[in-house]
Amino acid sequence: VKPGLAYLDILRDLREAVSHPLAVYNVSGEYSMVKAAAAQGWIDELTTEQGQYADACLENTGELLGNVDTVSTARDLDLLRAVLGDEKLNYLGYSYGTKIGYTYAELFPEKVGRMVLDGAVDPLVSDFDALKTQMAGFESAFRAYMQDCLASSGCPFTGSLDDALAQARSILDGIDGQKLVNDDGRVLDSATVGTAIAVNLYSQGYWPDISSMFVDLRGGDPASAFINADYYNSRNPDGTYSGNSVDVYQVVTCLDGDFLSDEASTLDRVAEIDAAAPTIGKFFTYDDYAVLDVLCTHFPVPTAEHPEIYDAEGAPPILVIGTSNDPATPYASSVSLANQLSSGVLISYEGEGHTIYNQGVACIDDVVDAYFTKGTVPSADPMC
């Protein structure tokens, strides 16, 4: 028994180390070695599983697997434009769709018509920095949810904002050790809860579902967490999937990305994300950054060539919309992209949620509609 630690506390923490291997504790000696071994064991298991996934991807997709990168998609888009007989491409892109849009504009600036990019991905930052910034964005959105929750009746958290965030973190820290079993036999882990929280931070209208889920978790019921995570992953109740969005996200990220050049370990990077988003960030990384880092480092096809800059010199005005507390594509990314584009025009919205055009905000909708229908370019950021 180590000094200062009760015997039962050590047993509890060792159990959590096995079920929740990325937890880090400042305890010296053999105890820390057990933690490190458990963490590395999780990475080894993840590496094996992702290697099998990548091999199956290559076997089932063939040569196409190396040609679904963003530059290839932009070239496909230009082919569609030509087949339709359009001289110019009029384009609306949300989230990752902004990357397709500005890549097209960089490759074919003379063929750009009226282009609007809402919730931009910043082409200047590394994959890790982008994901760390994104996790900090989700943390900011979770804080906004928590403030709203505390001001509402029936909130499952109490006290100050910091108190409530600490309560949420405590619940998340304890998930793996509880081994909550769903009706279909699946055992809930903290990564699944992280995904379930994330999907409900994309829109303020989903925030009540976060509260309901935490109530259920406190009562030992994992069902709502699985329902929310399954929705995000397009998983049907019978275990099949209604779409391949997760596969596309992972493969395109590997083809476009720079994970191979990142010398830091997955575990070190997870610790950095935990510091940047101290309530929920770590739990989001388990099914996102950590999976991507391991997969892309061992991906069976090489990364694709892509432009060094994205100024789209010669393109007509391109509207870039940024939402101040967008969790998935933080506002700073839209500001950066608008500055990089030689004809970028920033449109700012003060509010919550991921992307905003065509969601009933007249200040945004009127500006974009006038641009698409009449070609009217705002003379200044309307600051909606």
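Rules behind the numbers
- Residues numbered from 1 in each chain as written.
- Predicted model: local features only at pLDDT ≥ 70, side-chain atom pairs only at ≥ 80, totals over all residues.
- Heavy atoms only, no water.
- Disulfide = S-S within 2.5 Å.
- Helix = DSSP H or I, 4+ residues; strand = E, 2+ residues; numbered from the N terminus.
- Buried < 20%, exposed > 50% of the residue type's maximum accessible area, 1.4 Å probe, protein only.
- pLDDT = per-residue confidence, 0-100.
- Contact = heavy atoms within 4.5 Å.
- Phe/Tyr/Trp six-rings, centres within 6.5 Å; stacked < 30°, edge-to-face > 60°.
- Lys NZ or Arg CZ within 6 Å of the ring centre and 35° of its normal.
- Polar contact = N/O pair within 3.5 Å; in protein donor to acceptor, adjacent residues only side chain to side chain.

Visitor: What should I look at first to understand the state of the cysteines in this one?
Guide: Here is the idea: a disulfide is a covalent bond, and it sits between the sulfur atoms of two cysteines. Inspection of the entire model under this criterion finds three disulfides. Through a disulfide, Cys 149 is tied to Cys 155; the S-S separation comes to 2.0 Å. Disulfide Cys 149 to Cys 155: torsion about the S-S bond roughly 110 degrees, handedness right-handed. Here Cys 363 connects covalently by a disulfide to Cys 384, the sulfurs 2.0 Å from one another. Of note, the bridge from Cys 363 to Cys 384 carries an S-S torsion of about -75 degrees and is left-handed in sense. You can see Cys 363 sitting in helix α15 (residues 362-374) and its partner Cys 384 sitting in the segment after α15, a full 21 residues away along the chain. Exposure remark for Cys 363: the relative accessible area of 33% places this residue in the partly exposed category. Counting only the cysteines that take part in disulfides, in the order they occur along the protein, gives the pairing 1-2, 3-4, 5-6.

Visitor: When you look at the confidence of the model for the protein in this model, what are you seeing that I'm missing?
Guide: In low-pLDDT segments, the atomic positions of the prediction should not be examined closely. Confidence in the prediction of the protein, expressed as mean pLDDT, is 90, and 90% of residues score 70 or more. A low-confidence stretch, residues 1-33 (pLDDT under 50), is modelled with 40 contacts involving residues beyond four sequence positions or located in other chains.

Visitor: Help me understand the packing of aromatic side chains in this model?
Guide: Working definition: an aromatic ring pair is given by the centre-to-centre distance plus the angle between the planes. Here the structure, examined in full by the defined rule, presents 14 aromatic pairs. Judged by centre distance (6.3 Å) and plane angle (80 degrees), the ring pair of Tyr 145 and Trp 207 falls under edge-to-face. Within this pair, whereas Tyr 145 is found in helix α5 (residues 127-150), its partner Trp 207 is found in helix α8 (residues 207-218), the two being separated by 62 residues in sequence. Accessibility expressed as a relative area gives 1% for Tyr 145, which makes it buried. Classification of Trp 207 as buried rests on a relative accessible area of 5%. In this arrangement the basic side chain of Arg 269 is found over the ring face of Phe 128, its NZ or CZ atom lying 4.0 Å from the centre.

Visitor: How do you make sense of the side chain of Asp 230 when you look at a structure like this?
Guide: Assignment of secondary structure puts Asp 230 in helix α9 (residues 223-233). Its relative accessible area of 12% is what places Asp 230 among the buried residues. There is a polar contact of 2.9 Å between the side chain of Asp 230 and the side chain of Arg 186. Dropping the residues within four chain positions of it, Asp 230 is found in contact with Arg 186 and Arg 235.

Visitor: Explain the environment of Ile 43 here, please?
Guide: Secondary-structure assignment places Ile 43 in helix α2 (residues 30-61). A relative accessible area of 10% places Ile 43 in the buried class. Considered as a pair, Ile 43 and Gly 101 are 58 residues apart in the sequence and their alpha carbons are 35 Å apart. Leave out the neighbours within four places in its chain, and Ile 43 touches Thr 266 and Leu 267.

Visitor: Sorry, what's going on with the environment of Asp 78 here?
Guide: Within the element layout of this structure, Asp 78 appears in helix α3 (residues 70-84). A relative accessible area of 9% means that Asp 78 is categorised as buried. As a C-alpha pair, Asp 78 and Lys 88 span ten residues in sequence and 9.3 Å in three-dimensional space. Those residues in contact with Asp 78 that lie beyond four places of it in its chain are Tyr 104, Phe 108 and Lys 111.

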